[in-house]
Structure formats: structure tokens, C-alpha cells
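Residues per chain are reported as follows:
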Amino acid sequence: MASGCALIFDEEMSRYKLLWTDPACEIEVPERLTVSYEALKTNGVVQRCTQVPVRLATEQEILLGHSEEYLEAVKQTPKMTTEELMAFSKQYNDVYFHPNIYHCAKLALGATLQLVDSVMKREVRNGMALVRPPGHHSQRSAGNGFCVFNNVAIAALYAKKNYNLKRVLIVDWDVHHGQGIQYCFEEEPSVLYFSWHRYEHQTFWPNLPESDYTSVGKGKGSGFNINLPWNKIGMTNSDYLAGFFHVLLPIAYEFDPELVLVSAGYDSAIGDPEGQMVASPEIFAHLTQLLMPLAAGKMCVVLEGGYNLTSLAQSVCQTVQTLLGDLAPELSGLSGPCESALESIQNVRRAHSSYWSCLKQSDTNSDANSKRRKLEENNSEVKVNENPLPDAEAKETTQDLVWPEPVHRSAPAVRTVVAPPSGAQVSLPDGCQPLGGISKAATEEAHRIWKKDFKDEADQMNLQAFGNIISVLDKMKNKEVCNGCVSVSDLNVSVRCALQHALTHLAERVLVVFIGDGKLPVDTSDGKILLIQICGEESEEENSTSRMSLHFKEGEGFTAGFIQAVLGLLLPLAYEFNPGLVLGVVGEGKWMSHLPPVWGHLISLLQGLAQGRTLALLQGNDKHLMEITVLALSGASVPPLGALAAPRPEDVEMMEKQRCRLQKRWSLLRCTVSES
Ligand code: Q7Y
Ligand code: ZN
């Protein structure tokens, strides 16, 4: 499996600038690139990446996305005088030309295509191209919004053509709508385009009606264009995560891309004069992390906007460090999305509900009314997250905002330790080691917990498991390792031991994700434990907001239901809970044969939590399950889930019941506005 992260950059792309006064264009400066690259160097990131040289895009490649007339016109710009360049620029909207910009635009596109080649040839797993000029606004016959050639749109066409790809996902997290990409693929079902953007009901640039959620694509491409408009400024980490959990990720999983391209603009980050949003640079670590399990990790990130040099450089570092496998930083203080974001999320989900089975709500069937009534009751006292900046004040304040510098991130050389069942041979990926012997201290602690809590339940086998569990947790505490996987025979006592030790020595809050039947003996009454159970049997009604249990039957629709639960329920709950440790527990059960692929994805997606601290406890001797667990824990990519069947209606209903029950306490679960 491919590893490594490509970084593609050339200083040459900083050698053009605005030569006259134009307030609309003055923010697009050469320093955007040099400052970002310097930050990567300072953080030791450049040295850890695979340096891939840029190249000039060929005319044939440019013509994949642009008309001959436009190419011919742009080709003339290197010879123009400043006056001629000014006049030339005026035909387009908010773009400036310079004698060297044609050269740079060919390098920007060439760099993007080099990245696609490196990833598709498996020379690296993923990578980032740091380029100028950006691309997502440029159109077949027009430059627009600082963009000359549409780097990412052409990259998708190039990947389809040269690698015979049938499904490419483009995620545009820039704060502007990449209308150029939308126009390019509007009728194309092979390219799924997702963009969120500052919109403010069409009052924000580029002021297009087609940037709204109602533009879902045309003809065969219907359902393959997703616009999530932000109608207020001041959107937060919570709003962005809600957009991922409730819109992009479920659709992306159902689409099952073979390649992910990111139009990575950082004008959506805090401090940006254009975006006026307040999401922190660290959010990009999480957005990246959440996309990495798709397409077996094949992800090409390409710079678009970003005009606050500090915020831009920090955000670029967060992105590349995540591509390299560094542990995601903590996101604290998450809550639900604000009412305006919720409205947009609900609208785009509804606009796409006939195209994606993950969005088909169970309340389109007969008992919709009772469900709606229940929803109303539950929502009546939901507290709504007020974004910190009222519109009027935000304009003046967001640019002077100060925010903490992101904390240093690193990953220990040995990321994962494994204690397989005795005698079993498990193949271990890079960055992964056997746990080995148990320290004296861990053995003593195992005995202490046994004597105190278990008396006659524990035996020699459990004592061995206790020792392993305590060893792994101690290594996590000492930052020797990041996570671990331990084979156990008795789940109940092992979980109790792990919780007991973790809550006293490692974490204030533990998220327990339990896949299995029966009841784990876990006391969730003090709020320090959040227990999410996914099992094969219907369980009794719950009323605790510290527990959620979901049951799926084996067979058709299992994987679809499971992943929908993970994306739309488990992850929002987990992120809002913000645990210091994730305990992933798998018991034996008849649905086990379907579990490993989707469990691998679950473990990968959970790596954004607790700074990657996960302890997996696996019951029984399923070698395949242990291997996929270890693969995901080590940060390697897991195999794609393939095309998903529709989740079963009764499963969707069960999940929506849990959302209704829990969204009052956990507002990141919300994906609809309050009904009043
Ligand atoms: C394009 C862009 C690409 C100045 C407002 C001018 C400029 C719009 C172009 C933005 N205060 N609007 O950022 S990512
Ligand atoms: Zn932008």
C-alpha cells in the first residue's frame, strides 16, 4: 500500500503580483505562497514530505478545461504592457493579469497534475500542491476571482482520462463558491462536486443564484453537485463539522470515489478578510482526517484562496501534517451548528434526498406525523448555538481577531502496539509493534485492580489481559505510543479494568464504542463515560444521554446502515463529547462476518478524537478483524467499502429515533431546524 505525502511547490509561482490599484484584487499577494512554505519548513514538515517537482502544463492539458480562444488570449499576456494587462483583466471579474501569470498558471496546473500522477501511480499515498494562481473560479472561456486555469477541474478530467476513473470527488472548502468547477461538471455523474461557501442569500461574491443549494446538477449529473451555502458570517468549527457529518460524508461514502481532490482554500478560516468566518486552523486537520478513509487514502489537496497570512500558513500546516499522519489536535468547545447553518444543512439534504439513499428519511412513510410531533416536542427546548459574532460587529472585528497558535503535533515512532491472542501470527504494518513483556508496575496494577474490583471473577487469563491493557494505557500516557489493540477473552472484566485505569490515570472522559450483543457493565451515571453500542439485538428503551444503542441485522443493508450511523450519529456525539480516550470494543456475534471493513473505517474516522488515543479490545481470535484494526490504528488506509446498498427503512427509523432522543443534549446531532 502506498505511503508518503507529496509536496509540490515552486517559488516561481510567487513571481507575479498586482501592478495597479484594485481593491478587489489587492489581497491576492505573492507572500501567500512564500509564507505558507516557510511555515511548513519551520515546522519540519517539508523535510518529511516527498518533494515532487512542478512542471508546465501542456496546451493540450489546458484545453481539457478551456476554449482555444481563451488559451490564445491568455497566451498573449506575457508580451503586454501594464496598460494592456489592465484592459485585458477588465473583461473578466475580479482577476488581474501580469506578464508572468501565464507562466505561473501553467506551473500551477502542472503542479496539480504532477500531484495526481504521483498519487495515482502510488508513488505517494496523498499530497498537497501549493500553487498560485488558484483555479476554482475560472471558466471555459474566462478568468475569474484571481483564477486563470481551473487547476482542480482539469485535474479531475485528467485523472478520468489518464487513469480511467469512473468516480472522482471534489471537495471545495474554500469560502467562495467554485462556480467554474460546478459549470464544468454540472451534467457529469462521474464527478461529485461539493462546495460550501459564504453566500448570505446571494449578497456575497460571486452573487450567483446557481450557488444556492437548489443547484443539484443537471440531466445525468443530477445529484452530483452539492452546494452548502453559508448565509451568515462567523461560522464555527461546529458548523463546518456539521456540514461534513450531515451532508458531505454520507453522500461521499455512498458515491465511493476512486480519488478525492480538494479545492483547499483557507479563506474559510478565522481571520480571513474575505470569509469572515471563525473556524480555527485546526479544523482543517479534522476535515482532512475525515476525508482520508475515502478512496483508500488517495487524496490530492490543491491550494485555492486564503488571505490572512497567519491563518493561511497555520491551516496549510494542519492539512499537510494530517496527510503525513500526525495526530489530529483537540477541538474543544464544540456544540451544535447555529440555526442558519442548520437551515442550510436541512435544505441541501432535502434538495438531494431523491438522489442519495443515505438522505431518504424514514418519515416519508406512513407514521410521519407521529414522528414529526415527537420531533417537535423534543426540539421545543433545544438550545441553539449562537455564533459568537453578530453580523454588524463581525465585519470590523474578524480581521483583528487573535487566536491561539496551534499546538505542536507529532506522532511517536511506534504508533501502535498490539497484543494478539497467544500463539496467533498477526502481520503488522509500519509503525506497529508487538506489545511485548508487561512491566512490573503494570503487573502490580493488574493485581491491585483484580483484588479490589473482581475478587473471584478474574483468572490467570484475565490477569494477562489486564496487564496488557494497563501497559498500553501507560505507554499512551507516557506518549510512547498513540494507540493499541489487545485481544481479550472476557470482555466485561477487560472493559471494567480499562475504564478503571484510564479514568484514574489517563483521561477525564472515555468514549466506549461497543460492537456486540448483551450489556457491558459500564456505569455511565457520572457523565465521564459515553457508551455507544452497535449490536445485533434490539435492546430495551434507554433514557440516559450517556448511552446510545443501535441494532442492525446482518445481511443486505448492514454496511450502509452501519456507516450511516457512524457518520450521522456516532461521530457527532463523539466530537461533542470530546473524550481523552476512545475504547473500541468488539464482542463475538453472528454479524461478525460483515464487520471488518466497516469497523476499519470506524477506527480510521475515530482517529480525529482524543488525539488518536484509541484502545481496541477484541474478543476471540478473528485474525482478519485484528489485522484491519491494527491497519486503521497505524494510520494506513483501509480498503473502500464499495457501492453501498440502501439502508433498511427500519434501521433508518431506529437511527432517527436516537437522534430525536439525544439531540437536546448533543446538539451536533442536529440536522434540522427547530420547529416552533
Ligand atoms: C476570489 C477569491 C478566490 C474586496 C472584495 C472583492 C473579491 C472577490 C474575489 C475573490 N474587499 N471581492 O478569493 S478564492
Ligand atoms: Zn476563496
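Numbering of residues starts from 1 in every chain and runs along the sequence as written. All chains are assigned letters beginning at A, and all ligands numbers beginning at 1, according to the order in which they are written. Per-residue local features are limited, in this predicted model, to residues with pLDDT of at least 70; the limit for side-chain atom pairs, both in listing and counting, is 80 or more; totals at the level of whole chains, interfaces and linings are taken over all residues. Side-chain descriptors were evaluated using all non-hydrogen atoms of the structure, hydrogens and water having been removed beforehand.

(A) How the structure looks around the coordination of the zinc ion (ligand 2). Protein coordination at the zinc ion (ligand 2): the donors are Asp-174 (OD), Asp-174 (OD), His-176 (ND1) and Asp-267 (OD), at 2.0 to 2.7 Å from the metal. In this listing, donors mean N, O and S atoms no farther than 2.8 Å from the metal, or 3.2 Å for Na, K and Ca; water is missing from the atoms, so a site can look incomplete. Between consecutive donor residues of the zinc ion (ligand 2), the sequence gaps follow D-x1-H-x90-D. Relative accessibility decides the category of a residue: with a 1.4 Å probe and only protein chains considered, values under 20% of the type maximum give buried, values over 50% give exposed, and everything between is partly exposed. Judged by its relative accessible area of 1%, Asp-174 is buried. Among the residues examined, His-176 registers a relative accessible area of 4% and is labelled buried.

(B) Summary view of empty space enclosed by the protein. Within this scheme a cavity is a closed region of a 1 Å grid, computed over the protein atoms alone, that accommodates a 1.4 Å probe without allowing it to escape, whereas a pocket is open but has protein on both sides within 12 Å along at least five of seven lines; lining residues each have an atom within 4 Å of a point. Grid points are joined across faces, edges and corners, and a volume is the space filled by probe spheres set on the points. Scanning all chains against the criterion turns up seven cavities of 30 Å³ or more. Estimated volume of the largest cavity: approximately 170 Å³. Forming the walls of the largest cavity are 17 residues, and the residues nearest its centre are Gln-289, Met-292, Ser-604, Gly-635 and Ala-636. Each residue gets one of three labels, nonpolar for Ala, Val, Leu, Ile, Met, Phe, Trp, Tyr, Cys and Pro, charged for Asp, Glu, Lys and Arg, and polar for the others, Gly among them. For the lining of the largest cavity, a count of residues per class yields seven nonpolar, seven polar and three charged. A volume near 100 Å³ is recorded for the second largest cavity. Helix and strand assignments come from DSSP, with helices taken as H or I runs of at least 4 residues and strands as E runs of at least 2, each series counted from the N terminus. The element contributing the most residues to the lining of the second largest cavity is helix 18 (residues 558-577), with four residues. Taken together, the residues of the lining of the second largest cavity break down into seven nonpolar, three polar and three charged.

(C) Structural context of the site of ligand 1. Any residue with at least one heavy atom within 4 Å of a molecule or strand is counted as near it. Not every one of the 14 residues close to ligand 1 is listed here, only the nearest: His-137, Gly-145, His-176, Glu-274 and Tyr-307. In protein, a polar contact means a hydrogen-donor-capable atom and an acceptor-capable atom, both N or O and within 3.5 Å, with residues adjacent in sequence counting only if both atoms are side-chain atoms; elsewhere, any N or O pair within 3.5 Å suffices. Within the side chain of His-176, a nitrogen or oxygen atom sits 3.3 Å from an oxygen atom of ligand 1. One of the side-chain N or O atoms of Tyr-307 is found 2.8 Å from an oxygen atom in ligand 1. Here ligand 1, which alone exposes 440 Å², has 79% of that area covered by the protein. Class assignment of the residues belonging to the shell around ligand 1 gives a composition of five nonpolar, five polar and four charged. All accessible areas in this document rest on Shrake-Rupley with a 1.4 Å probe, and a residue is counted as covered only by the protein chains that are shown.

(D) Structural context of the environment of Arg-409. Examined against the element boundaries, Arg-409 turns out to sit in the loop between helix 14 (391-397) and strand 9 (416-419). Relative accessible area serves as the criterion here: at 5%, Arg-409 is assigned to the buried category. Residues Arg-409 and Ser-263 lie 146 residues apart in sequence; the distance between their C-alpha atoms is 24 Å. Apart from the residues lying within four places of it in its own chain, the contact partners of Arg-409 are Ala-285, Gln-318, Gln-321, Thr-322, Asp-326, Leu-327, Ala-328 and Pro-329. At a separation of 2.8 Å, a polar atom in the side chain of Arg-409 contacts the main-chain carbonyl oxygen of Leu-327. Every residue pair with non-hydrogen atoms within 4.5 Å of one another is taken to be in contact.

(E) View of the packing of helix 1 (residues 31-42) against helix 11 (residues 309-324). At a closest axis distance of 9 Å, the pairing of helix 1 and helix 11 adopts a crossing angle of 50 degrees. On the basis of their axis angle, the class for helix 1 and helix 11 is oblique. Between helix 1 and helix 11 lies a crossing whose hand is right-handed. Where helix 1 abuts helix 11, its residues Glu-31, Arg-32, Val-35, Ser-36, Ala-39 and Leu-40 lie against Leu-309, Leu-312, Ala-313, Val-316, Cys-317 and Val-320. For helices, the fitted axis covers only the stretch in contact; all axes are lines through C-alpha atoms, and the angles between them, taken along N-to-C directions, range from 0 to 180 degrees. Oblique is the label for every angle not falling under 35 degrees (roughly parallel), over 145 degrees (roughly antiparallel), or within 65 to 115 degrees (roughly perpendicular). Crossings are sorted by hand: turned counterclockwise from the far helix by less than a right angle, the near helix makes the crossing left-handed, and turned clockwise it makes it right-handed.

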